[in-house]
Amino acid sequence: MTVYLNGEFMPLEEAKIPVLDRGFIFGDGVYEVIPVYSRHAFRLPEHLARLETSLAAIRIDNPHSRAEWTALIARIIAANPWDDQGLYLQVTRGVAPREHLFPKGLVPTVFIMTNELVTPPRQVVDAGIPAMLLPDFRWLRCDIKAVSLLGNCMLRTLAADQGAAEAILVRDGFLTEGAATNIFVVRGGTVLTPPKSHLMLPGITYDVVLEILQANGIGHAVRPVTEAEVRAAEEIWCTSSGKEVLAVTTLDGRPVGAGKPGPMFHRVYPLYQEFKAKVMRAPAHA
Ligand SMILES: Cc1ncc(COP(=O)(O)O)c(C=O)c1O
């Protein structure tokens, strides 16, 4: 695997950072995960816009223009063997003596790697996944795509302890998101999802799914969703760049709806695949 670190392309094994990097010491940095289909970075401008928002929120000057990011990403995609890739990029504040206050004038650490993208196989899409409903005990700035994901990792592991593939999170009686996904539920034939706020990551896939619902006249509402509505949902879906759209078919060990992906999922999943296919047919990035 060829990766990028601070101006250079190199094999992963050669990429090294100093131990005083604030990403290592404090988790002081932000990241993006961008799916690449047939060597096309999916929704790249949207991912770069979210990166800009995350960087601004933690007061790191963006080390690259959009054109520079696009060129770096194109080089990493081209330098690696897979047509479909899960591209990961991270910016940390840089290296400094350990001190909580954000130091000024540091040179940010920029790292990009990529792996083969393995989207959920057909049998997982057909069966759906088990999830647990858990209290969202993370911080109150979940809109920032921060590398400090300890809360998310703990919640995902608590769910895994019970044999579940995702943790669906509720705070003060309302759905927020999944530990690594956004969540949609179907109630009375309408698709519901919470509005963007500081309590959830503004998912790129979440936006794509809303666009698909809108474009196809599928009844939906973006509004707060109660825990009771999640528990009584006819369908639950989780969405992310890696998982795409997956049905949750058991919640806390009980079937969601009929315990298999529901009719609305069967409508939306092919539309999502069609949307992706259009991207793959477009001309590749330079
Ligand atoms: C906490 C959380 N919410 C939502 C998402 C989905 O975001 P996206 O669709 O941009 O991948 C992710 C993705 O990793 C995530 O970590």
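Residues numbered from 1 in each chain as written. Predicted model: local features only at pLDDT ≥ 70, side-chain atom pairs only at ≥ 80, totals over all residues. Heavy atoms only, no water.

1. Some thoughts on the site of the ligand
- The local shell around the ligand holds 17 residues, among which Arg-50, Glu-177, Ile-204, Thr-205 and Ser-241 are the closest.
- Measuring from an oxygen atom of the ligand, one finds a backbone N or O atom of Ile-204 at 2.9 Å.
- Here the ligand has 390 Å² of accessible area as a free molecule, and 91% of this is covered by the chains.
- Mapped onto the shell around the ligand, the elements with two or more residues apiece are strand 9 (174–178), helix 6 (204–215) and strand 13 (235–240).
- Taken together, the residues that form the shell around the ligand break down as four nonpolar, nine polar and four charged. (Near = heavy atom within 4 Å. Polar contact = N/O pair within 3.5 Å; in protein donor to acceptor, adjacent residues only side chain to side chain. Areas by Shrake-Rupley, 256 points an atom, 1.4 Å probe, with all protein chains shown as cover. Helix = DSSP H or I, 4+ residues; strand = E, 2+ residues; numbered from the N terminus. Nonpolar A, V, L, I, M, F, W, Y, C, P; charged D, E, K, R; others polar.)

2. As for the packing of aromatic side chains
- A complete count under the given rule lists eight aromatic pairs for this structure.
- An angle of 85° between the planes, with centres 6.2 Å apart, marks the rings of Phe-42 and Phe-275 as edge-to-face. Here the residue Phe-42 occupies a position in the loop between strand 4 (40–41) and helix 2 (44–57), and Phe-275 occupies one in helix 8 (residues 263–281), the gap between them amounting to 233 residues.
- For the ring pair Phe-184 and Tyr-206, a centre distance of 5.7 Å and an interplane angle of 45° mean the geometry is tilted. Taken as a pair, Phe-184 in strand 10 (residues 182–187) and Tyr-206 in helix 6 lie far apart in primary sequence, 22 residues in all.
- A relative accessible area of 0% places Phe-184 in the buried class.
- Connected via pairs of aromatic rings, a cluster forms that spans Tyr-37, Phe-42, Tyr-272 and Phe-275.
- The ring of Phe-102 carries Arg-93 above its face, with NZ or CZ at 3.4 Å from the centroid. (Phe/Tyr/Trp six-rings, centres within 6.5 Å; stacked < 30°, edge-to-face > 60°. Buried < 20%, exposed > 50% of the residue type's maximum accessible area, 1.4 Å probe, protein only. Lys NZ or Arg CZ within 6 Å of the ring centre and 35° of its normal.)

3. With respect to the domain arrangement of the protein
- With domains assigned, the protein is organised as domain 1 (2–116) and domain 2 (122–277).
- Each of domain 1 and domain 2 was reduced to a C-alpha centroid, and the two centroids are 26 Å apart.
- Taken together, the 19 residues of domain 1 in the interface contact 18 residues of domain 2.
- Between domain 1 and domain 2, a total of about 1600 Å² is buried, with carbon and sulfur atoms accounting for 64% of that surface.
- For Arg-43, the salt bridge identified is with Glu-211, shortest N-O distance 2.9 Å. (Domains from an automatic or database assignment. Contact = heavy atoms within 4.5 Å. Buried area = accessible area lost by both parts, 1.4 Å probe. Salt bridge = Lys/Arg side-chain N within 4 Å of Asp/Glu carboxyl O.)

4. Here we look at the pairing of strand 5 (residues 85–92)
- Here strand 5 lies mainly inside the structure; eight of its eight residues are buried.
- What you see with strand 5 is no split at all: Gln-85, Leu-87, Leu-89 and Val-91 on one side and Gly-86, Tyr-88, Gln-90 and Thr-92 on the other are buried throughout.
- Inspection of the sheet shows strand 3 (residues 29–37) paired to strand 5 by eight bridges, in the antiparallel sense. Bridge pairing in strand 5 places Glu-32 opposite Leu-89.
- Sheet topology note: the strand 5/strand 6 (residues 109–116) ladder contains eight bridges and is antiparallel. (Pairing = 2+ DSSP bridges.)

5. Topic: the side chain of His-64
- Along the chain, the position of His-64 falls in the loop between helix 2 and helix 3 (66–79).
- Of the polar contacts made by the side chain of His-64, one reaches the side chain of Glu-68; its length is 3.3 Å.
- Leaving out residues up to four positions away in the same chain, His-64 has contacts with Tyr-4, Trp-69, Leu-72 and Val-110.

6. Some details on the sheet that holds strand 3
- Taken together, six strands build an open sheet; the order of strands is 2-1-6-5-3-4 and the sheet is antiparallel. Each edge of the open sheet is held by one strand with a lone partner, namely strand 2 (8–11) and strand 4.
- Helix 2 contacts strand 3, strand 4 and strand 5 of the sheet and is inclined by roughly 175° relative to strand 3. (Axes fitted to C-alpha atoms, helices over the stretch in contact; angles between N-to-C directions.)

7. Let's talk about the pattern of salt bridges
- On inspection of all chains with the given rule, the structure shows 17 salt bridges.
- Among the salt bridges present, the one from Arg-93 reaches Asp-28, with a minimum N-O distance of 2.6 Å. Remark: Asp-28 occurs in the loop between helix 1 (22–26) and strand 3 and Arg-93 occurs in the loop between strand 5 and strand 6; sequence separation between them is 65 residues.
- The class of Arg-93 is buried, set by a relative accessible area of 4%.
- Asp-28 sits in the buried class, given a relative accessible area of 7%.
- Look at the salt bridges and you will find they share partners, linking Asp-136, Arg-138, Arg-171 and Glu-177 into a network.

8. Let's talk about the pairing of strand 14 (residues 244–251)
- The buried fraction of strand 14 is high, at seven of eight residues.
- Where strand 7 (residues 129–135) meets strand 14, three bridges bridge the pair, whose relative direction is parallel. Bridge pairing in strand 14 links Ile-129 to Val-248.
- Here five bridges tie strand 13 to strand 14, and the two strands are oriented antiparallel to one another. Bridging across to strand 14, Thr-239 finds its partner in Val-245.
- Connecting strand 13 to the next strand, strand 14, in antiparallel fashion are three residues.
- With two bridges joining them, strand 14 and strand 15 (residues 254–255) adopt antiparallel strand pairing. Note on strand 15: the bridge partner recorded for Thr-250 is Pro-255.
- The antiparallel pairing of strand 14 with strand 15 creates a hairpin that spans two residues between the two strands, and Asp-252 there sits at a positive phi of about 50°.

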